[in-house]
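Overview (structure and organization)
Residues per chain are reported as follows:
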Amino acid sequence: MEILLTILVMILILCVRCAIGGVTLFLGSKITRADVSWLQAFLISLAGALVALIPFVGWLAGWIVMLWLLNKWCDCEPFPSGFLLILVSGLLQLVFGLGLGALLSAIFSTAAA
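**Details of helix α3 (residues 58–74)**
- Helix length check: α3, at 17 residues, gives a terminal C-alpha distance of 23 Å against a target of 24 Å (1.5 Å per residue), a fit within 8%.
- Within the sequence span of α3, burial applies to Gly58, Gly62, Met66, Leu67, Leu69, Leu70 and Cys74.

**What to know about the packing of helix α1 (residues 2–32) against helix α2 (residues 38–51)**
- Packing of α1 against α2 leaves a shortest axis separation of 8 Å and a crossing angle of 135°. By the angle between their axes, α1 is oblique relative to α2. Like other packed secondary-structure pairs, α1 and α2 cross with a definite hand, here right-handed. Contact residues: α1 offers Leu14, Arg17, Cys18, Ala19, Gly21, Gly22, Val23, Leu25 and Phe26, while α2 offers Trp38, Ala41, Phe42, Ile44, Ser45, Leu46, Ala49 and Leu50.
- Per-class residue counts for the contact of α1 with α2 are 13 nonpolar, 3 polar and 1 charged.

**Side note on α1**
- With 31 residues, α1 should cover 45 Å at 1.5 Å per step; its first-to-last C-alpha distance of 44 Å lies within 8% of that length.
- The set of residues buried in α1 consists of Leu14, Cys18, Gly21, Gly22, Thr24, Leu25, Gly28 and Ser29.
- Positive phi shows up at arginine 33, right after α1, with a value of about 60°.

**Looking at the packing of aromatic side chains**
- Throughout the structure, instances matching the rule amount to 4 aromatic pairs.
- A ring pair is formed by phenylalanine 79 and phenylalanine 83, whose centres lie 6.2 Å apart and whose planes are at 35°; its orientation type is tilted. Taken as a pair, phenylalanine 79 and phenylalanine 83 lie in helix α4 (residues 78–112) at a separation of 4 residues, close to a single helical turn.
- One aromatic cluster is present, built from ring pairs that chain together Phe26, Trp38 and Phe42.

**As for unusual backbone geometry**
- The omega torsion of the bond from phenylalanine 79 to proline 80 falls at 0°, within 30 degrees of zero and hence cis.
- Mapped onto the elements of the fold, proline 80 is located in helix α4.
- Unusually for a residue other than glycine, phenylalanine 56 sits at a positive phi of about 70°.
- Examined against the element boundaries, phenylalanine 56 turns out to sit in the loop between α2 and α3.
- With relative accessibility at 81%, the residue phenylalanine 56 sits in the exposed group.
- The phi dihedral of aspartate 75 falls on the positive side, at around 55°, and the residue is not glycine.
- Considering the arrangement of structural elements, one finds aspartate 75 in the loop between α3 and α4.
- Look at aspartate 75 and you get exposed, because its relative accessible area is 65%.

Definitions and limits used
- Residues numbered from 1 in each chain as written.
- Predicted model: local features only at pLDDT ≥ 70, side-chain atom pairs only at ≥ 80, totals over all residues.
- Heavy atoms only, no water.
- Helix = DSSP H or I, 4+ residues; strand = E, 2+ residues; numbered from the N terminus.
- Expected span 1.5 Å × (residues − 1).
- Buried < 20%, exposed > 50% of the residue type's maximum accessible area, 1.4 Å probe, protein only.
- Axes fitted to C-alpha atoms, helices over the stretch in contact; angles between N-to-C directions.
- Parallel < 35°, antiparallel > 145°, perpendicular 65-115°, else oblique.
- Left-handed = near helix turned anticlockwise from the far one by under 90°.
- Contact = heavy atoms within 4.5 Å.
- Nonpolar A, V, L, I, M, F, W, Y, C, P; charged D, E, K, R; others polar.
- Phe/Tyr/Trp six-rings, centres within 6.5 Å; stacked < 30°, edge-to-face > 60°.

Take a look at the structure:
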């Protein structure tokens, strides 16, 4: 039963990461003026998140896959615009993640008290 719960939590974390990643990639494309649609941003984020699950090298491989998909699907040059887009998206993910963490922490700390 514990293994099933662990798998469900991993799937939930992957879905949340893909949703936040898709939104931030889409917003990052508006900031950097790249031509990326909402569906492309979500699918690129999903592919990057799935590859990032590989132990030890997944985070780097996820960035490389995202750069490659931005080049193939969106005709975005890998350097500097693709790299800048992924960097802006990563910074936005950090801001959204910290905000979501603070919000959930505040909600659950008041509920536990």
